[in-house]
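# Fold and contact review
Here is how the chains run, residue by residue.
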Amino acid sequence: MKRVFSGVQPTGNIHLGNYLGALRQFVELQEEYQCLYCIVDLHAITVPQDPKELRKHILDVAALYLAVGVDPKKSIVFVQSDVPGHSELGWILTCSSYTGELSRMTQFKAKSQNKASAPAGLFTYPVLMAADILLYDTDVVPVGTDQKQHIELCRDLAIRVNNTRKKTFVVPEGRYLKAGARIMSLDDPSKKMSKSAENIHSRISLLDEPSKIKKSIMKATTDSEGIIRFDKDEKPGLSNLINIYSALSDKTIDEIIAMYEGKGYGDFKKDLVEITVDALTPIKEKFDEIRSSQELIDILEDGAEKANEIAEKTMARVKDNFGLGLK
Ligand code: TYM
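These remarks concern the structure in this document.

What counts, and at which threshold
- Residues numbered from 1 in each chain as written.
- Predicted model: local features only at pLDDT ≥ 70, side-chain atom pairs only at ≥ 80, totals over all residues.
- Heavy atoms only, no water.
- Near = heavy atom within 4 Å.
- Polar contact = N/O pair within 3.5 Å; in protein donor to acceptor, adjacent residues only side chain to side chain.
- Areas by Shrake-Rupley, 256 points an atom, 1.4 Å probe, with all protein chains shown as cover.
- Nonpolar A, V, L, I, M, F, W, Y, C, P; charged D, E, K, R; others polar.
- Core = buried A, V, L, I, M, F, W, Y, C linked by side-chain atoms within 4.5 Å.
- Buried < 20%, exposed > 50% of the residue type's maximum accessible area, 1.4 Å probe, protein only.
- Contact = heavy atoms within 4.5 Å.
- Axes fitted to C-alpha atoms, helices over the stretch in contact; angles between N-to-C directions.
- Helix = DSSP H or I, 4+ residues; strand = E, 2+ residues; numbered from the N terminus.
- Parallel < 35°, antiparallel > 145°, perpendicular 65-115°, else oblique.
- Left-handed = near helix turned anticlockwise from the far one by under 90°.
- Lys, Arg positive; Asp, Glu negative; His and termini not counted.
- Salt bridge = Lys/Arg side-chain N within 4 Å of Asp/Glu carboxyl O.
- Right-handed = clockwise from strand over helix to strand, strands pointing away.
- Pairing = 2+ DSSP bridges.

## Overview of the site of the ligand
The local shell around the ligand holds 28 residues, among which Y125, D132, D146, I183 and K195 are the closest. Take G17: an N or O atom from its main chain is 3.0 Å from a nitrogen atom of the ligand. With the chains in place, 97% of the 710 Å² that the ligand exposes on its own is no longer accessible. Among the residues forming the shell around the ligand, the class breakdown is 12 nonpolar, 11 polar and five charged.

Here is the structure:
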């Protein structure tokens, strides 16, 4: 069975972009693949974290995985730092990476911009991500397109090691959805929707109350033309909302445009509020049920055990091919 790996950082405010770009794919893929879904806490500490908040967010993301439909009977759900292989392989791959290629990563550039100095972990972050993926002989990585450059680096590292040593790694492919691969910020459609943006109305978090969802959508930046049509360059705000509508309703963009011919942005936004609330309400209900249960901890412990079993086999092969240790 082919393998899928993906991860989400436990940094709070999991939003519609995370859901439509990544989490929705997680659910779909578990029917056909052996899936590993990780809460990447080691990635989260590349920027300062409050220890209590971090623990809380780890459990929040785990509960959200289950609430959106990840089934622990089919998929392995676990916390990254519970599997030592991630850090170990991260270091080994760091030694096969070049500072030049890491300094070209747009996410590193954006996060280190205007800082007198940046943590080294922020710089080597994509190498740890490559380790996550390669540790499980992953074939497919479902992510949003903001991760494309990191996936390319992961492929380059795998190919580089395979070409210079014995074949060691499976070379993975990224998987990006058509609608949802890049959801933009509601207040500034030139930026991607993000967990860390200051304005809470720039995003819809999966656990937002209906009144907050309504406010964020009704306030979303559009334009003054008043005609509902899809044009990412001329009408980036409205096009982003049409994209969200399409991803949540499974209607095509053309169908949506035909439905709103002669109607205004107000009607369109009101319907989008309803569709979004309908999609997120069951997720929030399930989240509340799972979040405080002992079952969640049991699932993560069981997941870590299963992930470790796979990781240990890969690490034995890697160490052998690199000549590390005694056997
Ligand atoms: P993170 O935690 O920032 O985001 C989790 C997932 O959500 C996707 N995403 C989006 N998709 C569409 N529109 C958006 N506005 C949007 N914002 C985020 C991301 O592409 C991602 O799929 N580096 C990763 C975490 C990671 C990982 C991995 C992913 C670590 N190791 C190994 C896959 C495989 C990250 O920061 O995701």
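## Some words on the nonpolar core
Grouped together as the largest cluster of nonpolar side chains are 61 residues, with contacts concentrated most on L16, Y19, L23, I39, Y65, L206 and F268. Not counting residues up to four positions away in its chain, the partners in contact with L16 are M193, I204, L206, I244, T276 and L280. Among the nonpolar cores identified, the runner-up in size contains 39 residues, and C154, A158, A304 and M315 belong to it.

## Regarding the packing of helix α7 (residues 120–134) against helix α8 (residues 148–164)
Interhelical geometry of α7 versus α8 gives an angle of 65 degrees and a closest axis separation of 9 Å. In this view, α7 runs roughly perpendicular relative to α8, as classed from their interaxial angle. Considering only the axes of α7 and α8, their crossing is right-handed. Where α7 abuts α8, its residues Y125, P126, V127, M129, A130, I133 and L134 lie against H150, I151, L153, C154, L157 and A158. Tallied by class, residues from the contact of α7 with α8 come to 12 nonpolar, one polar and no charged.

## A few points about the side chain of D41
Take D41: it is sitting in helix α2 (residues 41–44). Salt bridges are absent for the buried D41, whose nearest opposite-charge side chain, R55, sits at 7.0 Å. A polar contact of 2.5 Å, which involves the side chain of D41, links it to the side chain of S81. Ignoring sequence-local partners within four residues, the contact set of D41 consists of P10, I58, V79, Q80 and S81.

## Regarding the pairing of strand β2 (residues 34–39)
Taken across its six residues, β2 has five buried, putting it largely inside the fold. With helix α1 (residues 16–29) bridging strand β1 (residues 3–8) and its parallel neighbour β2, the resulting β-α-β unit is right-handed. When β2 meets strand β3 (residues 76–79), the two strands line up parallel, connected through four bridges. Residue pairing for β3: I39 is matched across the bridge by V79.

## Re the pattern of salt bridges
Going through the model one piece at a time under the given rule, you end up with 19 salt bridges. Between R229 and D231 there is a salt bridge, and its shortest N-O distance comes to 3.2 Å. Salt bridges linked by common partners bring D223, E225, R229, D231 and K235 together as one network.

## So, the side chain of S112
Within the element layout of this structure, S112 appears in helix α6 (residues 106–112). A polar atom in the side chain of S112 sits 2.7 Å from the backbone oxygen of F108.

## Quick word on unusual backbone geometry
You will see that N13, though not glycine, has its phi angle at about 50 degrees, which is positive. Relative to the helices and strands, N13 resides in the loop between β1 and α1. Residue N13 is classed as partly exposed on the basis of its relative accessible area, which comes to 38%. Even without a glycine there, the phi angle at N114 is positive, about 60 degrees.

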